[in-house]
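Structure assessment
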Amino acid sequence: ESPAEVGARSEVVITMLPNGEVVRDVTFGAHGLAQAMKPDTLLLDTSSAEPWITRETAQALAGKGVLMVDAPVSGAQWGAQAAELVFMVGGDAGHVQRIKPLLDCMGRAMFHLGSLGCGHAMKCINNLITAMTFSATAEGLVIGKSFGLDPAVMTQVLNESTGQSWISRNHISRRVISRSFDDPFKLELMLKDIGIAMRLAREAQLALPLSGLGEQLWRAAARQAGPGASISELARWVEGQ
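Residue positions within a chain follow its written sequence, with the count starting from 1. Only residues with pLDDT of at least 70 are given local features in this predicted model, and only at 80 or more are side-chain atom pairs given and counted; all residues enter the totals for whole chains, interfaces and linings. No hydrogens and no water enter the side-chain calculation; it runs on all heavy atoms of the structure.

**A word on the overall build of the protein**
So the rule is basically this: Secondary structure follows DSSP: runs of H or I at least 4 residues long count as helices, runs of E at least 2 residues long count as strands, and numbering of each begins at the N terminus. The reference for a compact globule is 2.2 Å times residues^0.38; the radius of gyration itself is calculated from the C-alpha atoms. We call a residue buried when its accessible area falls under 20% of the maximum for its residue type, exposed when it is over 50%, and partly exposed in between, using a 1.4 Å probe and counting protein chains only. We call two residues contacting when some pair of their heavy atoms lies within 4.5 Å. We get accessible surface area from the Shrake-Rupley algorithm with a probe of 1.4 Å; when it comes to residues, only the shown protein chains can shield them. Under the convention used here, Asp and Glu are negative, Lys and Arg are positive, and both His and the chain ends fall outside the count. Positions of charges follow a simple convention, taking NZ of Lys, CZ of Arg, CG of Asp or CD of Glu.
On a plain count of helices and strands, the protein comes out with 11 helices and six strands. Over its C-alpha atoms the protein spans a radius of gyration of 20 Å, differing by no more than 12% from the 18 Å that the globule rule assigns to 241 residues. Overall, the C-alpha framework of the protein stretches about 65 × 35 × 35 Å when taken along its three principal axes. A total of 241 residues make up the protein; the buried ones form 44% of that total. Taking the intrachain contacts of the protein between residues at least 6 apart in sequence as the baseline, contacts between residues at least 24 apart amount to 68%. Accessible surface for the protein amounts to roughly 12200 Å². Of this, 57% is attributable to carbon and sulfur atoms. Looking at charge distribution, the protein has the averaged site of its 21 positive side-chain charges lying 1 Å from that of its 24 negative ones.

In structure tokens, the structure reads:
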């Protein structure tokens, strides 16, 4: 009936929530997990979250003897349904080995990136690269369409050429050329991950002009699309510029 009851009955609790603040609330809020999790139990956070919040959460849990591993995923809804997720893992090596059998059941690959928070850092970097690839692909298709090329055939060419990507192979035909714009991954969640990556870049004093401009464009698309819009709406925003 509550997160606390889940914590009391579990050796490992798996969370997959919108961001690190929600994970923290579920863990330490009213009737939260931390109220009842026993020493040496483990919180496995598969959310896409802010690494700094993850480390704060883990530090607070450590005071209760509770362990934590972060293991965000790539693979989307279909990957979860087919048990083909890719896990990006951060945490103590011994703790990672402890939860590896669970990840093996849910996914097809697991990569241990380093200490706690490194999995979440990798996830936002992956999504930053995906977002910039999506933007470039959408703009290229708009150029071709304006010249009279068929976007469906253009996508086939990309998929046999150096311009191919996960976006061109899986997203464009199914979500954009079909005009369904219905990918279940939400635009605001992609924007959140871009923002996490850019904060890490700023903290490292890195100048990333392409990603910085890309973040602005994604923010503009999100404003136009409104809350709850699919990531696919980025393409529609590009078409309307």
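What follows picks up the thread again.
**Examining the environment of V12**
With respect to the secondary-structure elements, V12 resides in strand β1 (residues 12–15). For V12 and L213, which are 201 residues apart along the polypeptide, the C-alpha to C-alpha distance reads 41 Å. Residues within four places of V12 in sequence aside, it is in contact with L42, L44, I99 and L102.

**Quick word on the environment of A222**
Along the chain, the position of A222 falls in helix α10 (residues 209–225). According to the relative accessible area criterion, A222 is buried, its value standing at 18%. As a C-alpha pair, A222 and M190 span 32 residues in sequence and 9.8 Å in three-dimensional space. Non-local contacts of A222, meaning those with residues more than four positions away in its chain, are made with L187 and L191.

**Observations concerning unusual backbone geometry**
Notably, H31 is not glycine yet its phi reads approximately 55°, a positive angle. As for its placement among the helices and strands, H31 is situated in the loop between α2 (20–28) and β2 (42–45). Accessibility expressed as a relative area gives 51% for H31, which makes it exposed. At R179, a residue that is not glycine, the phi angle is positive and equals roughly 65°. Secondary-structure assignment places R179 in the loop between α8 (166–177) and α9 (187–203).

**Things to note about the packing of helix α6 (residues 118–146) against α8**
The test is simple: Note on geometry: axes are C-alpha line fits, over the in-contact stretch for helices, and angles between N-to-C directions span 0 to 180 degrees. Orientation labels follow simple angle bins: below 35 degrees gives roughly parallel, above 145 gives roughly antiparallel, 65 to 115 gives roughly perpendicular, and whatever is left gives oblique. By the definition used in this description, the sense in which the near helix is turned from the far one sets the handedness, with an anticlockwise turn below a right angle giving left-handed and a clockwise turn giving right-handed.
Running from N to C, α6 and α8 cross one another at 60°; their axes reach a closest spacing of 11 Å. Considering the angle they form, α6 stands oblique to α8. The handedness of the crossing between α6 and α8 comes out as right-handed. Where α6 abuts α8, its residues T130, F134, T137 and L141 lie against I167, H171, I172 and V176.

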